[in-house]
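# Architecture and fold: a report
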Amino acid sequence: MEGKKDLIIMVDDNPANLRIGKNILSEKYSVATAPSAEKLFSILENNTPDLILLDIDMPEINGYEAIKILKSRLETAFIPVIFLTAHTESAAELTALSLGAVDYISKPIHPPLLLKRIELHLLLQEQKKILEQQTADLQFFNDNLQKMVDEKTQNVLQLQNALLKTMADLVEYRDDTTGRHIERTQRGLRIMLEEVVTNDKYKEETKDWDIDILVQSSQLHDVGKIFITDNILRKPGRLDMNEYEDMKVHTNIGKQIVEKVTMLTKEGEFLKYAIIFAESHHEKWDGTGYPNHLKGYDIPLLGRIMAIPDVYDALVSDRPYKKAYTHDEAVMILIEGSGSQFDPDLIKIFTKVSNKFKTI
């Protein structure tokens, strides 16, 4: 016998959109449709959906007003909301994010993308519920039951990594032009970290580092791209100046996302490194990077390290606007960036281990 299907409520004042959406979703989910926010609130009196798809432009109560009401009520505050709208401007996306939406999808609907986004957000919601339950269980157990506590702690760590991996997979799915970039930069980062921690220059800064946790956290360095519009993220060519400025916002958004996850899970120690990676991996040694134009040693060491495998992978990968450079060409470009884009001491370390990057 099949398990109970997740319930999704789709809210749109256009009957055609509701029919199309229901046809796309009905095979995998139970679907309720609402032609207005008022009807949505009526349905919610007797039903608790697993996810809400919400239009913005609706009469009486628009989507922004509706999500404010949802987030103000204890019984609906934690239902994930995805805006499904014809609006494509960045300002609308940022407004939706600031009001508590988990995602923003532009019309016309692309069925496989819609289904994949819903699947990933439902998985994230389930992981969050499990993680909260596991944390509650740990609090319940007596400190003297060491073996049981150790087992539960391991489960929590596994769930934390699953949460990171799920979020990273969502980024990879959206930014499909980069292909497995996160996995490759993780491997490059590990190579760099293993060498950096043996260097006397960084002995004090790295003495408490756990390389495994650092590498796990680095999965989220591009998580802010979740909220970059598809027409920028999937553009088959170079970005123009305005598009590039919009793309740069992903560093600040990434920091905000990880901070929010940290607040919800109370696992600040585990994710504090992810915040550094997300915000600072595009800073440059000479101060011309973004988002904060930090210079030299003002850039966190982890950000300076992450920049090297991040740029290396971009160089040796095919992109819509360029062919891949060879390993030797990429190494030479990074060396030429020493003292301008990259920390000179870290580039010296990179040249020592650059042959290991070939294995990536």
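In short, a report on the structure. (Residues numbered from 1 in each chain as written. Predicted model: local features only at pLDDT ≥ 70, side-chain atom pairs only at ≥ 80, totals over all residues. Heavy atoms only, no water.)

## With respect to the sheet that holds strand β2 (residues 30–34)
The following threshold applies: Here, strands pair whenever DSSP counts at least two bridges between them. Secondary structure is summarised from DSSP: a helix means a run of H or I of at least four residues, a strand means a run of E of at least two, and numbering begins at the N terminus for each. A fitted line through C-alpha atoms represents every axis, and for helices the fit uses only the stretch in contact; the resulting angles, taken between N-to-C directions, go from 0 to 180 degrees.
Ordered by their spatial adjacency, five strands build an open sheet running β2-β1-β3-β4-β5, and the pairing between neighbours is parallel. Every other strand in the sheet has two partners, leaving β2 and β5 (103–106) as the edge strands with one partner each. Sheet twist, expressed as the mean angle between neighbouring strand axes with direction ignored, is 20°. Inspection of the sheet shows strand β1 (residues 7–11) paired to β2 by five bridges, in the parallel sense. Paired with L7 across the two strands is S30, which belongs to β2.

## Observations regarding the layout of surface pockets
Using the following cut-off: Here a cavity denotes a set of grid points, spaced 1 Å apart and computed over the protein atoms alone, in which a 1.4 Å probe fits but from which it cannot get out, and a pocket denotes an open set meeting protein on both sides within 12 Å along at least five of seven lines; residues with an atom within 4 Å of a point are reported as lining. Grid points are joined across faces, edges and corners, and a volume is the space filled by probe spheres set on the points. In the scheme used here, Gly and all other residues not listed as nonpolar or charged are polar, with Ala, Val, Leu, Ile, Met, Phe, Trp, Tyr, Cys and Pro taken as nonpolar and Asp, Glu, Lys and Arg as charged.
Within this model, the largest pocket holds a volume of roughly 1200 Å³. Among the secondary structure elements, those contributing two or more residues to the lining of the largest pocket are α10 (230–233), α11 (241–248) and α14 (301–316). Examining the composition of the lining of the largest pocket, we find that five residues originate from one element, α14, more than from any other. The class makeup of the residues in the lining of the largest pocket is 15 nonpolar, 10 polar and 11 charged.

## Some points on the pattern of salt bridges
We count it as follows: Salt bridges are defined as contacts in which a side-chain nitrogen from Lys or Arg sits within 4 Å of a carboxyl oxygen from Asp or Glu. Per-residue accessibility, obtained with a 1.4 Å probe over protein chains only, is compared with the maximum for each type, and a residue is labelled buried under 20%, exposed over 50%, and partly exposed between these values.
A full pass over the atoms with the stated rule returns 15 salt bridges. For D345, the salt bridge identified is with K201, shortest N-O distance 3.5 Å. Of this pair, D345 sits in helix α16 (residues 344–357) while K201 is found in the loop between α7 (181–196) and α8 (203–206), placing the two residues 144 residues apart along the sequence. For D345, a relative accessible area of 24% corresponds to the partly exposed category. Of the residues examined, K201 reaches a relative accessible area of 45% and is grouped as partly exposed. Three or more residues joined by partner-sharing salt bridges are found here, namely D12, D55 and K107.

## A word on the nonpolar core
Applied cut-off: Think of a nonpolar core as a cluster: buried Ala, Val, Leu, Ile, Met, Phe, Trp, Tyr and Cys residues, connected wherever their side-chain atoms sit within 4.5 Å. Note on definitions: a residue-residue contact is assigned when non-hydrogen atoms from the two residues lie within 4.5 Å.
Membership of the largest hydrophobic core comes to 31 residues, with the highest contact counts inside it found for L193, I305 and L334. Every element with two or more residues in this core is listed here: α7, α9 (211–217), α13 (268–280), α14, α15 (327–336) and α16. Of all the elements, α14 adds the most residues to this core, at nine residues. Aside from chain neighbours lying at most four places away, what touches L193 is W209, I211, L214, V215, L302 and I305.

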